[in-house]
Amino acid sequence: FLQFFCAMDEDEGKVYTWETEYERSWETLQEDAEGHLQTTAEEEAYKAKRRRLFDRPRNVQLGMMRHVFLVLDGSRAMADKDLRPDRLTCAARVIEKFLLEFFDHNPISQLGTIVTRNGRAEKLNELTGNPHVHTKALQSLTSSSGDPSLQNALEMAVRGLRHVPHHASKEVIVVLGSLTSCDPGNIFSTIDDLCQQSVRCSIIGLAAEVHLCKTICQRTNGTYNVILDETHFRDLLLQHCRPPPAKATIEASLIKMGFPQHVMNGPPAVCLCHLSDRSADYITSSGYFCPQCNSKYCELPVECKVCGLTLVLAPHLARSHHHLFPLTSYEETQLTDMIVCSGCQVQVERKAYKCPSCDSMFCIDCDLFIHETLHVCPGCASTVKHHH
Amino acid sequence: ICLRDRDCISATRLDIDGLPVLFPYDYVYPEQYAYMLELKRTLDAQGHCVLEMPSGTGKTVSLVSLIVAYMTVHPNKLEKLIYCSRTVQEINKVMEELKRLMEWLERANGHAPPLTGLALSARKNLCVHPEVSREEEGKKLDGQCYKLTASFVRERHQADPSTPVCLFYEEFDSLGRKAASPLPPGVYDLDDLKSYGKQKGWCPYFLARYMLQQANIVVYNYSYLLDPKVAELVSKEFSKKSVVVFDEAHNIDNVCVEAMSVNISRRTLEAAQTGIDTLGRRVREIGEEQLREEYRRLVENLKQARRNRETDVHMASPVLPDDVLQETMPGNIRRAEHFLSFLKRLTEYLKLRLSVQRVVAETPSYFLHHIQQTVCIERKPLRFCTERLQSLLHSLEFIELRDFSSLNLVANFATIVSTYTKGFSLIIEPFDERSSTNYNPVLHLSCNDSTIACKPIFTRFQSVVLTSGTLSPLDMYPKLLAFQPVTLQSFSITLAKPCVCPLVVSRGNDQVAITSRYESRADTAVTRNYGNLLADLSAIVPDGIACFFPSYEYMETTVSSWVEQGIMTRVQRNKLVFIETRDRGEISLALDNYFKACDTGRGAVLLGIARGKVSEGVDFVHQYGRAVIMFGIPYVYTQSRILKARLEYLRDQFQIRENDFLTFDAMRHAAQRYGRLDKRSKLPLWIQEHLKESLCSLTTEEAVQVCKKFLRDMAQPSTKEEQVGVSMLTEEQVETRERLRLSMDFS
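This structure is a prediction, so every number in the text was calculated from the model and none was measured. (Residues numbered from 1 in each chain as written. Chains lettered and ligands numbered in written order. Predicted model: local features only at pLDDT ≥ 70, side-chain atom pairs only at ≥ 80, totals over all residues. Heavy atoms only, no water.)

Turning our attention to the overall build of chain B. When helices and strands are tallied, chain B shows 32 helices and 20 strands. A separation of at least 24 residues holds for 76% of the contacts in chain B among residues at least 6 apart in sequence. When the accessible surface of chain B is summed, it comes to about 32,300 Å², and 50% of that surface belongs to carbon and sulfur atoms. (Helix = DSSP H or I, 4+ residues; strand = E, 2+ residues; numbered from the N terminus. Contact = heavy atoms within 4.5 Å. Areas by Shrake-Rupley, 256 points an atom, 1.4 Å probe, with all protein chains shown as cover.)

Below is the structure:
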């Protein structure tokens, strides 16, 4: 059902049966003690999701201001068709989603992109706060060739992160399809460099576990995951939207930010984001104006191109709130008889999830939805006690 | 294989059939528990056993913790643990587990158990002499040590202090041997011994050898027990109430056979000739007096050996059979010059025999008859050759013993050929076994009977445990080694998720059957399909892939046709390729770089031989062997005459059919590197279990798909909670399981 759902909202999900890979779908079927048939993969996915949600440490300082380099493998291995239509296109698509989500969750963060192929690393975009720049660059990536070089890519990322202010958290996220890395020198010295600069490096493998990647992630406190399919890939990448715990050495500091007002009926003008497009369509009368230099933008958050001030809206900051104060996790309870989920009114048997403060019961779908998207318990919010 | 890693914060107390055992980890695997039960049963019955359990499941720790517990509880039933291992790394691993166990025992009981455990290895790994230890080659180092520590050198030193001796040895000899306990109780690995030796100024090697007799736990190499020449020196005075453990015992019969076999080539004979000449010169130099003294000592020594054997203090050495001791040294080799001319005649005769143009195979008795007919050498003096040569070398005070290694070989040959009429065969091959144009005659005296070398061990020691990851079929070992086992047991591995994925690929993508059968080896379609399999797998398997061919010839032809077909370039695009050669130096260089390529993420393919140096004794763990490809079953080279002789002997003596043995032998090699089809019942249980019907006879493409999925699944993190209860048991879980089992038995 989950996979079906995903296929629905992807338009390209149309693949003929004979085009799909040779698979043994019957092997994932398992009969449990009571004779219920269920696919183990689905069960696993749920379990993993719950684990991820509830493994979050509480009351930790988070590095909310992030500087991230996203490294995309552009090597021969990315032409493999085990993701549809091929790994590169699929990865680009997933990354686009991730970028939007990322800037949504981390309004005061910056991200740059690097692609590695033919044994070299190329910088697609410098660190910026605008997801559209990246999207455009990613769309231009069509061909994949040669071997990737982890060392070159990481070194380029380290160079880019070297001058980032001390209070920001530095991260590299690598999406790697290849199983080899063609490096010019000793990659272990690069890893040492990463550790020294306290750059956290996380890798998402598209094929299998590579020992070197595991070492890199372990040494730099990153995470290493290998995808099972596209859905899993998206899950794994979206996990990186959540800000990582800050290093103990980072001191808290104040950052200057601007909160521009939305002006509806101003003089018609081109906004700075679309200045280079030279199209008449972008001459509008509404927009956000930087409180410091009064330049116009049509979308936020953004870093002012003129004066460099970070421009955000109050709701952006509020959105990060749930990272710091996440909703308490629900307790898994075994059911003896059927109940109705307090979220979606669907009948639930066997397992339900109980909110510890309002005792409402939810099905697993609602549980995940509440914790991933809502961040507020509907049971608690609707009780009288809470309103007072 | 993905090994289960465990971080440990406590020890588990187990009750193994009434015996309290402290297990130094948080959890015990179910198969470890079963393993300990069987072991306990064997020890109780004071018999021998064969236990198979996959590598990586903690055989060592189960063995050690049970036996130590047994020794503590029943000190008068079991006094000593002799743990035989193959390599220094393995020895260190055992010592590590042992140390860990002792630490936990100390924490649990408040005091360390009064046991001494030590490791013994060659001088190369133990020497602390500042100059000698710099030598890298083991044999040279032994020679240098001998130069400083031989008894006559030390005597000379007393007369003339300028003669160099080893201070560490002197110090140990004067103080260490007299001390009540030179080594306080505890566990000492090689490094500990070295640092202890340095601190005290004692030679660690001789200290360890001296302490072997008193220590409760001894960990050393196979050859210290199996090779009769070495065992005579090191292990002969061990208590009967000992348990001997042979770890990685799947090759034990070959080790036994090799220990008793001698190969003599023309080069050996030439070197022996030089040795005789050197001896002759020395004999002429020194006086009559010293030689007479030498002879007297010789007789005395033999008497001593006889007395010892009567009181059963020593383990019987198969090279020095009982009747040699009973008889006196025959007159015609008593005097040094006579003995030398005797040796000369023997060498000349062997040279004559080696100049043949066709293969000769005969029995030892015929050889003895022939030698008497031709050069009038009788059986009796031949038997005393080894002893006589030893005593002569000693009394002539030769320092460079290496110069006489070939002569020693000839003497050994003489002793063995004249002592045993059964179980041996003599083969002279004029040409190299496999390239029939290279004239290089070799005389093989090959032992066909693995019981000869190991019989003394089975009769002398109370319990002998053979254990390894791959011993199937288990009942072959008792037959080959002629002993009566108490238990034969194979254990499987219980895992929360399957970590082994054996596949059998029998067809290529073009549906041509792929086989390494001799007749279809040259078929290009077959080699191409093999190549495609490798190329496809190299694209989807991370890090290292180890591939094994049945023989060098096959590998060479296959690889060269792969180069022609362009398959090699496809493989090289994904990974670096390393090929095993016959040169030792090249192999170790290739292996080093292979490991490096795996570490740095470049990825590598190693093409090796199923019976080559690479596959024996090199661990392809974790990233070093994510996949193992066997190109065909590694049957031994059946045309070999030595093998044929052995097969015949096995058939006549033990009623083991040739084919059974060949399959057994091939399977143990394949199993060492995993996987294969129709003889599935002969694979160890832990591979069989995962070799599902659906995974046999796949095409290349199907295999690649299965691999992809497996590798993805394996990369998913596994949590401890999933494993506890399934593959890891806590104290309570063991108890409940035990209760369940008992109640089931009862009902």
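Turning our eyes to something else, we now look at the pairing of strand β2 (residues 19-23) of chain B. With 4 of 5 residues buried, β2(B) is to be regarded as a mostly interior element. Taken together, strand β1 (residues 12-16) of chain B and the strand that follows it, β2(B), pair antiparallel across an intervening segment of 2 residues, in which B:Asp17 is found at a positive phi of about 50°. (Buried < 20%, exposed > 50% of the residue type's maximum accessible area, 1.4 Å probe, protein only. Pairing = 2+ DSSP bridges.)

In total, this model carries 26 aromatic pairs over all chains according to the counting rule given. Considering the side-chain rings of A:Tyr330 and A:Phe362, the 5.3 Å spacing of their centres and the 15° angle between planes classify their relative orientation as stacked. Of this pair, A:Tyr330 sits in the loop between α10 (321-324) and β17 (331-334) while A:Phe362 sits in strand β21 (residues 361-362), and the two are 32 residues apart along the sequence. Accessibility assignment for this pair places A:Tyr330 and A:Phe362 in one class, buried. With a centroid separation of 6.3 Å and 90° between ring planes, the pair formed by B:Phe578 and B:Tyr594 is classed as edge-to-face. With a gap of 16 residues between them, B:Phe578 in strand β17 (residues 576-579) and B:Tyr594 in helix α26 (residues 584-599) connect regions that are remote in the sequence. (Phe/Tyr/Trp six-rings, centres within 6.5 Å; stacked < 30°, edge-to-face > 60°.)

Our next topic: the sheet that holds strand β15 (residues 302-303) of chain A. All names here are of chain A. Taken together, 3 strands build an open sheet; the order of strands is β9-β16-β15 and the sheet is mixed. Bordering the open sheet on either side are β9 (257-258) and β15, each of which pairs with just one other strand. Pairing between β15 and strand β16 (residues 310-311): 2 bridges, direction antiparallel. Note that in β16 the partner of Glu 303 across the bridge is Thr 310.

Moving on to the packing of helix α3 (residues 87-105) of chain A against helix α4 (residues 131-140) of chain A. Residues and elements named next belong to chain A. Direction vectors running N to C along α3 and α4 enclose 175°, while the axes themselves pass 10 Å from each other. Accordingly, the angle class assigned to the pair α3 and α4 is roughly antiparallel. Contacts between α3 and α4 involve Ala 92, Ile 95, Glu 96, Leu 99, Leu 100 and Phe 103 from the first element and Pro 131, His 134, Thr 135, Leu 138 and Gln 139 from the second. For the contact of α3 with α4, the residue count by class is 7 nonpolar, 3 polar and 1 charged. (Axes fitted to C-alpha atoms, helices over the stretch in contact; angles between N-to-C directions. Parallel < 35°, antiparallel > 145°, perpendicular 65-115°, else oblique. Nonpolar A, V, L, I, M, F, W, Y, C, P; charged D, E, K, R; others polar.)

All names here are of chain B. Following both chains from N to C, one finds helix α17 (residues 364-375) and helix α20 (residues 405-419) inclined at 115°, their axes separated by 8 Å at the closest point. With respect to their mutual orientation, α17 and α20 come out roughly perpendicular. Only Phe 413, Val 417 and Ser 418 of α20 make contact with α17, whose side of the interface consists of Pro 364, Phe 367 and Leu 368. Of the residues belonging to the contact of α17 with α20, the class tally is 5 nonpolar, 1 polar and no charged.

Another aspect to go through is helix α2 (residues 59-73) of chain B. For α2(B), built from 15 residues, the straight-helix expectation of 21 Å at 1.5 Å per residue is met to within 8% by its first-to-last C-alpha distance of 21 Å. Along α2(B), 13 of the 15 residues are buried, which leaves the element largely enclosed by surrounding structure. (Expected span 1.5 Å × (residues − 1).)

Further remarks concern the confidence of the model for chain A. Per-residue pLDDT for chain A has a mean of 81; in total, 81% of the residues score no lower than 70. Here residues 1-13 of chain A is a poorly scored stretch, pLDDT under 50, and it has 12 contacts once near neighbours within four places are set aside; other chains count. (pLDDT = per-residue confidence, 0-100.)

Residues and elements named next belong to chain A. End to end, α3 covers 26 Å across 19 residues, agreeing with the expected 27 Å (1.5 Å per residue, within 8%). Buried residues of α3: Arg 87, Leu 88, Cys 90, Ala 91, Ala 92, Val 94, Ile 95, Phe 98, Leu 99, Phe 102, Phe 103 and His 105, and no others. One side-chain oxygen at the N-terminal end of α3 lies 3.1 Å from the backbone nitrogen of Leu 88; it belongs to Asp 86. (Polar contact = N/O pair within 3.5 Å; in protein donor to acceptor, adjacent residues only side chain to side chain.)

Bringing the sheet that holds strand β20 (residues 351-354) of chain A into the picture now. Residues and elements named next belong to chain A. Taken in spatial order, the 3 strands make up an open sheet running β17-β20-β21, and their pairing is antiparallel. In the strand order of this sheet, the two ends are held by β17 and β21, each with one partner. As defined by bridge partners, β17 adjoins β20 across 4 bridges and the pair is classed as antiparallel. Of the residues in β20, the one forming a bridge with Glu 331 is Lys 354.

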